[in-house]
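Chains, contacts and geometry: an overview
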Amino acid sequence: MNLAEPLQKFATNSLEAHWMPFSGNRDFKANPRIVVKSKGMYLWDHKGGKILDGTSSLFNVAAGHGRSEIAKAVHAQMLQNDYSPAFQVGHPGSFALAAKVSQILPEPFNHVFFTNSGSEAIDTALKMVMAYHRARGQAQRIRFVSRERAYHGVNIGGVSLSGMVKNREAFPVTMPNIVMLRHTFDADRRFERGQSERGAELADDLQRFVETYGGATIAAVFVEPVAGSTGALVPPKGYLERLRAICDANGIVLVFDEVITGFGRLGKPFAAQAYGVMPDIITMAKALTNGAIPMGAVAACDEIYETVTNAAPENAIEFFHGYTYSAHPAACAAGLATFDIFEREGLFEKAAVLSDYFLDAVWSLKDIECIYDLRGDGLIAGIEVHHDGEPGRRGQELQKRFFWEGLHVKFTGDTGILAPPFIAERTHVDEMIDIMRRVLTTL
Ligand SMILES: Cc1ncc(COP(=O)(O)O)c(C=O)c1O
């Protein structure tokens, strides 16, 4: 298949009109990688190449590609009710999906606010925190805590919380009053698998902020339980627990950004359950609809929902926030169908069972000379290579090389992140690792 064929279907032979996100536009357009088909564990490119999807595309296609159950549910929903107003009017799907999400969330998470992406979920969570503190008479809590190397999406709230330099240096106007915990990467702990026994004390940075700024001025702490986009940094044992304890002692809201870890990536519905630490708010997106339709969500614990809603007069709007497409009927249908698949196929359990085999396979790469670090937990692993003098350049080149060698692996800087769909069999893991070894041993 040549490039002209799929593009002709869409009546264009030019790639120029689309300014692509998070992409080297000029480099890409000189040598494009166009996916024209996807099914199960694979993508197919415009030249006919078959590519194993090693990162569940962007961590979202957890149940594999081309799930006809989702397509049929969305189709039926579009014929039944394609769209109805999101504000002051409801449709059955949103209540059903919120109930489903609540069922797999830990107690006391019983309230779900829908967005269209992880970035919107983060900005929604920021506003939820502000509304909560205001409702309980603590509007002086103006400071937010995030962490170096964090990724919380691309809206201004998320960029303000971002700890990845490339994502923020070009955008200097961000929210004020954000302070950063140190990241949890430690060169001395390289190649440690799962949660390290060392490093919990890094959470004491939060205690220092309490002592520097006053605990009563801090609104919330945002952390990804596993820092995903920076390259799979797993929390040290006791780290999340310590953050929780300091938040409790100071009335600070703890937000887990589970956009990547939510929906089974760590073998449990959420990282909160996998690591046994309960936050107050959980953001999610990605696998919620298996990538078929954009959707994100924010789950609030009862205390936050009830405080915000009860603070407003009866009949009043309590939270002045929402999107035209919050809880879009098609997205809700996709989410419900995705849940059916997760449940019917036991995919979270399957992810848990595959984890050891997957991590063993990743760690089998340890002998390759160019590898600087391996880290991971559940079904997510970071494979970091030594940079070549200019950090990130090798990673960019590797992402392209892997693609042409038949493996999609998302790179961030010089770290490739493997996060296979939960339908993966051991043979798929073997195939991923074989391609990894073949390419990495040539460096
Ligand atoms: C932890 C985390 N938060 C937020 C986001 C942003 O999600 P989206 O790209 O859907 O806006 C991402 C995306 O990768 C993420 O990994």
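See the structure above.
Residues numbered from 1 in each chain as written. Predicted model: local features only at pLDDT ≥ 70, side-chain atom pairs only at ≥ 80, totals over all residues. Heavy atoms only, no water.

With that out of the way, let us pick up the overall build of the protein. Helix and strand counts for the protein stand at 16 helices and 15 strands. Computed over the C-alpha atoms, the radius of gyration of the protein is 22 Å, within 12% of the 22 Å expected from 2.2 N^0.38 for a compact globule of 443 residues. Overall size of the protein, expressed as C-alpha extent along the three principal axes, is 60 × 55 × 40 Å. With 443 residues in all, the protein has 57% of them scored as buried. A sequence separation of at least 24 residues applies to 72% of the contacts in the protein between residues at least 6 apart. Of the side-chain charges in the protein, 44 are positive and 51 negative, and the distance between the mean point of each set is 4 Å. (Helix = DSSP H or I, 4+ residues; strand = E, 2+ residues; numbered from the N terminus. Rg over C-alpha atoms; globule rule 2.2 N^0.38 Å. Buried < 20%, exposed > 50% of the residue type's maximum accessible area, 1.4 Å probe, protein only. Contact = heavy atoms within 4.5 Å. Lys, Arg positive; Asp, Glu negative; His and termini not counted. Charge placed at Lys NZ, Arg CZ, Asp CG, Glu CD.)

Around the ligand sit Ser117, Gly118, Ser119, Tyr151, His152, Gly153, Glu224, Ser229, Asp257, Val259, Ile260 and Lys286, and those are all the residues in its vicinity. Between Asp257 and the ligand, the recorded distance is 2.6 Å, taken from a side-chain N or O atom to a nitrogen atom. Protein chains bury 83% of the 390 Å² of accessible surface belonging to the ligand in isolation. Within the shell around the ligand, the residues separate by chemical class into three nonpolar, six polar and three charged. (Near = heavy atom within 4 Å. Polar contact = N/O pair within 3.5 Å; in protein donor to acceptor, adjacent residues only side chain to side chain. Areas by Shrake-Rupley, 256 points an atom, 1.4 Å probe, with all protein chains shown as cover. Nonpolar A, V, L, I, M, F, W, Y, C, P; charged D, E, K, R; others polar.)

Here we come to the sheet that holds strand S2 (residues 42–45). Taken together, the four strands give an open sheet; going across it, the order is S1-S2-S3-S13, and neighbouring strands pair in mixed fashion. Two strands lie at the open edges of the sheet, namely strand S1 (35–39) and strand S13 (407–408), each paired on one side alone. Strand contacts of helix H16 (residues 426–440): S2, strand S3 (50–53) and S13, with the helix running at about 110 degrees to S3, the strand carrying the most contacts. (Pairing = 2+ DSSP bridges. Axes fitted to C-alpha atoms, helices over the stretch in contact; angles between N-to-C directions.)

What follows is about the nonpolar core. Of all hydrophobic cores here, the largest spans 124 residues; its most connected members are Phe263, Phe402 and Leu440. If one sorts the elements of this core by residue count, helix H14 (residues 347–363) sits on top with nine residues. Split by domain, this core shows at least three residues from each of two domains, domain 1 (4–66 + 346–440) and domain 2 (71–344). Residue contacts for Leu440: discarding those within four places in its chain leaves Ile368, Cys370, Ile371, Ile383, Val385, Leu398 and Phe402. (Core = buried A, V, L, I, M, F, W, Y, C linked by side-chain atoms within 4.5 Å. Domains from an automatic or database assignment.)

Our next topic: the side chain of His91. Within the secondary structure, His91 sits in the loop between helix H4 (68–80) and helix H5 (92–104). Here Ala327 takes part through its backbone oxygen, which lies 2.7 Å from a polar atom of the side chain of His91.

By the secondary structure assignment, Glu241 is in helix H10 (residues 239–250). Overall, the relative accessible area of 38% leaves Glu241 in the partly exposed class. Between the alpha carbons of Glu241 and Phe185 there is a distance of 18 Å; along the sequence they are 56 residues apart. With residues near it in sequence (within four places) discarded, Glu241 still touches Tyr275 and Val277.

Reading across from one edge, S4-S10-S9-S8-S7-S5-S6 is the order of the seven strands in this open sheet, with mixed pairing throughout. The sheet terminates laterally at strand S4 (109–115) and strand S6 (178–181), the two strands that pair on one side only. If you compare each strand with its neighbour and ignore which way they point, the axes differ by 20 degrees on average. Of the pairings in the sheet, the one linking strand S5 (residues 143–147) to S6 comprises four bridges and is parallel in character. When the bridges of S6 are listed, Phe144 appears paired with Ile178. Contacts from H10 reach S5, S6, strand S7 (218–223) and strand S8 (253–257), with the element oriented near 150 degrees to S8.

All right, on to the pairing of S3 then. Both S2 and S3 contribute to a ladder of three bridges, which runs antiparallel. Following the sheet pairing, Tyr42 is matched in S3 by Leu52. Connecting the antiparallel pair S2 and S3 is a turn made up of four residues, with Gly48 showing a positive phi of about 95 degrees. Alignment of S3 against S13, held across two bridges, turns out to be parallel.

Scanning all chains against the criterion turns up 14 aromatic pairs. Connected via pairs of aromatic rings, a cluster forms that spans Phe263, Phe270, Phe339, Phe342 and Phe348. Here the basic side chain of Lys366 rests over the ring of Phe191, its NZ or CZ set 5.1 Å away from the ring centre. (Phe/Tyr/Trp six-rings, centres within 6.5 Å; stacked < 30°, edge-to-face > 60°. Lys NZ or Arg CZ within 6 Å of the ring centre and 35° of its normal.)

This part takes up the pattern of salt bridges. Applying the stated rule across the entire model yields 23 salt bridges. Among the ionic pairs, Lys400 bridges to Asp27, the shortest N-O distance being 2.6 Å. Here Lys400, found in helix H15 (residues 393–404), pairs with Asp27, found in helix H2 (residues 25–30); they are 373 residues apart in sequence, far enough to count as distant. By relative accessible area, which is 13% here, Lys400 ends up buried. Of the charged contacts in the structure, one is a salt bridge between Lys237 and Glu197, with a shortest N-O distance of 2.6 Å. (Salt bridge = Lys/Arg side-chain N within 4 Å of Asp/Glu carboxyl O.)

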